[in-house]
Amino acid sequence: MATFDDLLEEAGSFGRCQKRIFAMLCLLSMPFAGVYVGIVFQGFTPDHWCRDSVLVERREACGWSLEESRRLTAPLVNVSGVVQHSSCDQHQVDWNATKLSCDREELDLSRVAVTACKEGWEYHYQGRKSFVTEFDLVCSDGWLVDMYQSTLNVGFLVGSFAFGYFADRFGRMKSFLVSNIINVVAGIALAVVPNYIAILVLRAIVGFSVKGGWMAIYVLLTEIVGVKYRRTVGILYQMFFSVGLLILPLLAYFITDWRWLQVVFMAPYAIYIAYYRFIPESPRWLISQNNSSKALKITEAIAKENKKKLLSHFEILTDDEVDSSSASLLDLIRTPNMRKHTFILMFNWFTSAVVYQGLIMRVGITGGNIYIDFLISGLVEFPAAFLILFTIERVGRRVPFASANIVAGVSCIVTAFIPDSMFWLKTTVACIGRLGITMAFEMVVFVNTELYPTCVRNLGVSVCSTLCDVGGIVSPFLLYRLASIWLELPLIIFGVVALVAGGLVLLLPETRGAALPDTIEDVEFPDRKKGNQEENKEMKQILKTSEAA
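Computed from a predicted structure; not experimentally measured.

Enquirer: Describe the packing of helix 17 (residues 370-379) against helix 20 (residues 423-451), and please don't skip the residues or the numbers.
Expert: Packing of helix 17 against helix 20 leaves a shortest axis separation of 9 Å and a crossing angle of 45°. One finds that helix 17 runs oblique with respect to helix 20. Relative to helix 20, helix 17 is oriented so that their crossing is right-handed. Contact residues: helix 17 offers Asp373, Ile376, Ser377 and Gly378, while helix 20 offers Phe423, Trp424, Thr427, Cys431 and Arg434. Considered class by class, the residues forming the contact of helix 17 with helix 20 number 4 nonpolar, 3 polar and 2 charged.

Okay, here's the thing in structure tokens:
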């Protein structure tokens, strides 16, 4: 009985058809970057202080600068060892009862009582609007900014499970279509609703649909190409996310209102709806649904576009990668090696999300030029994909994976202790950390698939990757709340977590050159599998020798 891989070899493993589909679908990763980390610009918290309407009027009448009026409004406070004007308190003064002239002398306000802001805040963010400035999400309400990112990751978590089921039940392209429709409706609605609670709800819905659609297409791309191209296609698909990161600061620089920026993020998904007419369903999925005839028609169309012919006559197709329906969660932890792999992979998914998102969002709170800093940090992601492709077949998986985590961890800790005066050194070391965690994030995906046996592979990847979304929920709270204590404290936490993750990776087996395990016994007794592989190689060599004779 022929397998789909046999048929795909004749139709073309990565011909013109697959390249066209890849070129169209890889664009999906670009707007996903805006959805995922757009909070850096949409939720930017500028320098702020308490608003006093009387002083605002006096400033406008006298032509004072913002800094001059701020000195009268905000008391001096010690923040992480630095004396600066308070962002959340103001002098309790009735300025109407004072004789404050435009040619004012310096007033001694050190003994004046202090109170919390009463009339809202002023922002040093002229000509721009973030949702922080629109809804005054500062001081005691600052945690609501964290919720904007956390609700997105809650949506990711639910969407991964829901669309994983939809894609297996109804097909990859139907799931993709539904995802894009929800993206457009919820994403545009998010840009116009006036209430912040409604924004958080819609943000979760966007997370639910956008992650599900992105995953469905990732699976589709790996299913329509030959085995030897899958890893490359998967890594390049993720690399286009990095292209989106480079475009993001340019968009944010020219689009000054966070609501219009939201529209720009979601508009491409309206175009992607049309893809449904031009991209076929996964033949591999059709075979799993006992629809071999339609799978054969699609494969014939692929062969025609690739300018190839199917020489053999395949009437019944099977997919030798269809997972067993009897897999259960207990299979992931019942035996020693499976349990070890599961816990280490879960921790690495969690670490990758926490550190990766944390380092990106940190760009918005360091006080530098947010657009240039974001662009520089985005550029360092490109070498990650090429380093992975260069090392995994030469060195293996385990050492580069562990090294990436360790480099990220060390860089985070070192960056925390480099003084701000050494700007370029601090930026360079931080970028090395970003490169390391990007490599680790991209590697955990395929290392996860290689360590689990066929019978529980999809289940194992789904369960472990949920820790990625849990990490995403936790990350904004770790970053913003700890940074309010000491700006560099989150980097220490990120560094320690990444170092632990790197050390744990060294406990995993090397999978380079090893056949994918088919059963749990293959994972628990890998030497037995290796022995069978060597026997098979010897047998093939004997058969070749016999044929030559």
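Enquirer: Describe a nonpolar patch on the surface, and please don't skip the residues or the numbers.
Expert: Together, Ile406, Val410, Val414, Leu499 and Leu506 line one region of the surface with nonpolar side chains, adding up to about 350 Å² of accessible area. For the nonpolar patch, the element with the highest residue contribution is helix 19 (residues 398-417), accounting for 3 residues. Here Val414 is to be found in helix 19.

Enquirer: Pulling in residues and values, what's your account of the state of the cysteines?
Expert: In a disulfide, the sulfur atoms of two cysteines are covalently bonded to one another. Evaluated as defined, the whole model comprises 2 disulfides. With a sulfur-sulfur separation of 1.7 Å, Cys50 is cross-linked through a disulfide to Cys117. Given an S-S torsion of about -65°, the disulfide between Cys50 and Cys117 has left-handed geometry. Taken together, the positions of Cys50 in strand 2 (residues 48-50) and Cys117 in the loop between strand 6 (114-116) and strand 7 (121-123) put the pair 67 residues apart, joining distant regions of the chain. With a sulfur-sulfur separation of 2.0 Å, Cys88 is cross-linked through a disulfide to Cys139. Looking down the S-S bond of the Cys88 and Cys139 bridge, the torsion is -100°, so its handedness is left-handed. Residue Cys88 is found in the loop between strand 4 (82-85) and strand 5 (89-91), and its partner Cys139 is found in the loop between helix 7 (131-135) and helix 8 (143-170); the two are separated by 51 residues along the sequence. Accessibility expressed as a relative area gives 30% for Cys88, which makes it partly exposed. Of the cysteine sulfurs around Cys17, a residue in no disulfide, the closest is that of Cys26, at 15 Å. A disulfide-free cysteine, Cys431 has its sulfur positioned 11 Å from the sulfur of Cys412, the nearest such atom. Taking relative accessible area as the criterion, Cys431 reaches 12% and is therefore assigned buried.

Calculation criteria
- Residues numbered from 1 in each chain as written.
- Predicted model: local features only at pLDDT ≥ 70, side-chain atom pairs only at ≥ 80, totals over all residues.
- Heavy atoms only, no water.
- Axes fitted to C-alpha atoms, helices over the stretch in contact; angles between N-to-C directions.
- Helix = DSSP H or I, 4+ residues; strand = E, 2+ residues; numbered from the N terminus.
- Parallel < 35°, antiparallel > 145°, perpendicular 65-115°, else oblique.
- Left-handed = near helix turned anticlockwise from the far one by under 90°.
- Contact = heavy atoms within 4.5 Å.
- Nonpolar A, V, L, I, M, F, W, Y, C, P; charged D, E, K, R; others polar.
- Patch = residues over 30% accessible without salt bridge, like charges linked within 9 Å, V, L, I, M, F, W, Y side chains within 5 Å.
- Areas by Shrake-Rupley, 256 points an atom, 1.4 Å probe, with all protein chains shown as cover.
- Salt bridge = Lys/Arg side-chain N within 4 Å of Asp/Glu carboxyl O.
- Disulfide = S-S within 2.5 Å.
- Buried < 20%, exposed > 50% of the residue type's maximum accessible area, 1.4 Å probe, protein only.

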